[in-house]
Amino acid sequence: MQIHLSELAALRIAGRPRGITSVCSAHPVVLRAALRHGRQHASTVLIEATCNQVNHRGGYTGMTPKDFAALVEKLAKEEGCPGHLVVLGGDHLGPNPWRDRPAEEAMAEAEKMVAAYVEAGFRKIHLDASMGCLGEPQALDDETTAHRAARLAAVAEASAKRSGGAMPVYVLGTEVPPPGGADHALTAIEPTAASAARQTIDVHRQVFEKAGLQEAFARAIGLVVQPGVEFGNHNVILYDRSKIETLQQVLTDEPQFVFEAHSTDYQGTRSLGALVEDGFPILKVGPELTFVLREALYGLDLIASDLVPGYGERPLHAAMEALMSAHPDNWNRHYHGTEGEKRWLRHYSLSDRIRYYWTSPDAQSAVERLYDALRGRLVPVPLFWQHMPAAQQFAEAPLDPEEVLIWRVTRSLADYHAACGAG
């Protein structure tokens, strides 16, 4: 069923908690899977882009917010997903992409970015101005952060009034794990202190009121806090609800809010369902979806290697290894150890930094070659049992490789869908 973002707090208070999956990916197959799943279940499809990924200057995907919105709209039409089910969100919108510049210069860019997001139809806006810019501390105090967030909210409000449509809803707060997961093996993650969450809300409320942004603050629906979940390159810290009893009290005292949970990847339905029940109904997922996408691609690469004469020995894997070795900037600060360890991390790390490479021409060419090798072929059951056992339903029928990828991504989305119906 469709759930609106503005309903989440009321549903929690009524004792009927429901959740929404926030799909944080720009990969067309992932987006297609999310939109198809949403259409099949008549459920909300919340798709979010981050400030580094998509911005008015293109981001690392090369897409502006308008480009990203057009891509989602195109895929939604192809999948028959009604527009009223689709919600676009902007994640970590603030000066982060330009934090190597002076604060005023970085904030001027952030203002342009926020305006571009809202004018393109994004209506869930996570305001994140917590990072220091040139000459500033790495993390800013609540007062400075709130003033900058209010400055960006003012731009969002003006842009929404200018472009028409619904006014934005906002998510505040920045106490989140590192983007893409941690770089080291983890043992424990401490949840946000209740006092810190209260202070974040109080300071933002005061600053927004002084700026004449009471209406914008009234549409703040969520607070980003750390529930104690995380994944690193090697492992996952699962949710432990016994650690957030005092944090939950914040929602009792601030009934307009729910918590937004970042880095919920790899938690599984049980932990995700507990998060929804405990006041974290916005579940953000990204790397898990491209991790399982890569898993399926590599499985098909192995099948084609065994099945198709002349295809070669795992040419997709070889192409990605060559590409990542030649262009290490997206992983070399995050993967450590021996050369052998870094090699397997490049392909199989839970942080899935291989996702940055799928848009490159070399990667796209290798994927197309894989598609061409398998499209329409009858794959014997034993090859699926060997390389992708759970996908055996695709055996002995003309194969559409992209359908296998969508199926694999949808299995993860189904875990989230089940969790979001908790209560």
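Residues numbered from 1 in each chain as written. Predicted model: local features only at pLDDT ≥ 70, side-chain atom pairs only at ≥ 80, totals over all residues. Heavy atoms only, no water.

S.K.: Looking at this model, I keep getting lost on the environment of Ser25. Mind explaining?
M.R.: In this structure, Ser25 sits in the loop between β1 (20–23) and α2 (28–41). Looking at Ser25, the relative accessible area reads 5%, which means it is buried. C-alpha of Ser25 to C-alpha of Gln53: the two residues are 28 residues apart in sequence and 8.9 Å apart in space. If near-sequence neighbours (up to four positions away) are discounted, Ser25 is found in contact with Val30, Leu31, Ile47, Glu48, Gln53, Phe68 and Thr290. Looking at Ser25, its side chain comes within polar contact range of the main-chain nitrogen of His27, at 3.1 Å. (Helix = DSSP H or I, 4+ residues; strand = E, 2+ residues; numbered from the N terminus. Buried < 20%, exposed > 50% of the residue type's maximum accessible area, 1.4 Å probe, protein only. Contact = heavy atoms within 4.5 Å. Polar contact = N/O pair within 3.5 Å; in protein donor to acceptor, adjacent residues only side chain to side chain.)

S.K.: Help me understand the sheet that holds strand β6 (residues 220–224) in this model?
M.R.: In sheet architecture, strand pairing relies on hydrogen bonds along the backbone and comes in two forms, parallel and antiparallel. What the eight strands build is a closed barrel, ordered β1-β2-β3-β4-β5-β6-β9-β10; its pairing is parallel. For this sheet the average axis-to-axis angle between neighbouring strands, irrespective of direction, equals 25 degrees. Sheet topology places strand β2 (residues 45–50) next to strand β3 (residues 86–93); six bridges connect them, and they run parallel. Within the sheet, the bridge partner assigned to Val45 lies in β3 and is Val86. On top of the sheet, α2 reaches β1, β2 and β3; it is set at about 155 degrees to β2, its chief contact. (Pairing = 2+ DSSP bridges. Axes fitted to C-alpha atoms, helices over the stretch in contact; angles between N-to-C directions.)

S.K.: It is not clear to me how the nonpolar core should be interpreted in this structure. Could you clarify?
M.R.: Within soluble globular proteins, side chains that are nonpolar generally end up buried alongside one another. Core analysis: the biggest nonpolar cluster contains 127 residues, and Phe68, Phe208, Leu316 and Met320 have the highest contact counts within it. In terms of residues, this core owes the most to one element, helix α10 (residues 287–307), which gives ten residues. Those residues in contact with Leu316 that lie beyond four places of it in its chain are Leu297, Tyr298, Asp301, Tyr311, Trp358, Ala366, Val367 and Leu370. Core analysis: the next-biggest nonpolar cluster, separate from the first, contains 13 residues, Ala9, Leu11, Leu46 and Val258 among them. (Core = buried A, V, L, I, M, F, W, Y, C linked by side-chain atoms within 4.5 Å.)

S.K.: Would you take a moment to explain empty space enclosed by the protein for this structure?
M.R.: Rolled over the atoms, a probe with the dimensions of a water molecule shows which regions are left empty. In the structure shown here, the tally under the stated rule is one cavity of 30 Å³ or more. Taken as a whole, the largest cavity spans an internal volume of roughly 30 Å³. Looking at the largest cavity, the residues that line it are Leu8, Arg12, Pro17, Arg18, Val258, Val276, Gly279 and Pro281. When grouped by side-chain class, the residues that make up the lining of the largest cavity number five nonpolar, one polar and two charged. (1 Å grid on protein atoms, 1.4 Å probe; cavity = no way out; pocket = protein on both sides within 12 Å on 5 of 7 lines; lining within 4 Å. Points joined across faces, edges and corners; volume = space filled by probe spheres on them. Nonpolar A, V, L, I, M, F, W, Y, C, P; charged D, E, K, R; others polar.)

S.K.: Sorry, what's going on with the pattern of salt bridges here?
M.R.: Where charged atoms from two side chains of opposite charge come close, those side chains can pair. One pass over the structure, following the stated rule, counts 31 salt bridges. Ionic pairing is found between Arg32 and Glu79, a salt bridge with its closest N-O pair at 2.9 Å. Taken together, the residues span a long stretch of sequence, with Arg32 in helix α2 and Glu79 in helix α3 (residues 65–79) at a distance of 47 residues. Each member of the pair Arg32 and Glu79 is classed as buried. With a shortest N-O distance of 3.8 Å, Arg39 and Glu79 are connected by a salt bridge. Taken together, the positions of Arg39 in helix α2 and Glu79 in helix α3 put the pair 40 residues apart, joining distant regions of the chain. Judged by its relative accessible area of 7%, Glu79 falls in the buried class. Members of the salt-bridge network, linked through shared partners, are Arg32, Arg36, Arg39, Lys74, Glu78, Glu79, Glu402 and Glu403. (Salt bridge = Lys/Arg side-chain N within 4 Å of Asp/Glu carboxyl O.)

S.K.: Could you clarify how one ought to interpret the layout of surface pockets in this entry?
M.R.: Estimated volume of the second largest pocket: approximately 560 Å³. Looking at the second largest pocket, it is lined by 27 residues, and the ones nearest its centre are Gly83, Val86, Val87, Leu88 and Gly121. No other element matches α3, which puts five residues into the lining of the second largest pocket. Residue classes in the lining of the second largest pocket are distributed as 15 nonpolar, nine polar and three charged.

S.K.: Explain the side chain of Asn55 to me, please; I cannot follow it from the model alone.
M.R.: Topologically, Asn55 is positioned in the loop between β2 and α3. The exposure class of Asn55 is buried, given its relative accessible area of 5%. Look past the residues within four positions of Asn55 in its chain and what remains in contact with it is Met63, Thr64, Pro65, Pro97, Trp98, Met113 and Tyr117.

S.K.: Just to check I follow, could you spell out the packing of helix α11 (residues 315–326) against helix α13 (residues 361–374) for this structure?
M.R.: Packed helices, taken two at a time, are described by the angle their axes make and the gap between the axes. Interaxial distance between α11 and α13 falls to 9 Å at its minimum, and their mutual angle equals 175 degrees. In this view, α11 runs roughly antiparallel relative to α13, as classed from their interaxial angle. Mapping the contact onto sequence places Pro315, Leu316, Ala319, Met320 and Leu323 in α11 and Asp362, Ala363, Ala366, Val367, Arg369 and Leu370 in α13. Residue classes in the contact of α11 with α13 are distributed as nine nonpolar, no polar and two charged. (Parallel < 35°, antiparallel > 145°, perpendicular 65-115°, else oblique.)

S.K.: Is there a simple way to explain the environment of His27 in this structure?
M.R.: Among the structural elements, His27 can be located in the loop between β1 and α2. With 329 residues separating them along the chain, His27 and Tyr356 place their C-alpha atoms 9.6 Å apart. The residues contacting His27, other than those within four sequence positions of it, are Thr290, Leu293 and Trp358.

S.K.: Sorry if this is basic, but what is going on with helix α5 (residues 142–163) here?
M.R.: Because each turn of an α-helix spans 3.6 residues, side chains separated by three or four positions end up pointing in the same direction. Taking 1.5 Å as the rise per residue, α5 with 22 residues should run 32 Å; its terminal C-alpha atoms sit 31 Å apart, in good agreement. Here α5 has its buried residues at Thr145, Ala146, Arg148, Ala149, Ala150, Leu152, Ala153, Val155, Ala156, Glu157, Ser159 and Ala160. Looking at the residues trailing α5, positive phi occurs at Gly164, about 85 degrees. (Expected span 1.5 Å × (residues − 1).)

S.K.: Is there a simple way to explain the confidence of the model for the protein chain in this structure?
M.R.: If pLDDT is low for a region, its predicted coordinates should not be looked at in detail. For the protein chain, per-residue confidence averages 96 on the pLDDT scale, and 97% of positions sit at 70 or higher. In this model, residues 177–181 is a region of pLDDT below 50 whose contacts with residues beyond four sequence positions or in other chains number 15 contacts. (pLDDT = per-residue confidence, 0-100.)

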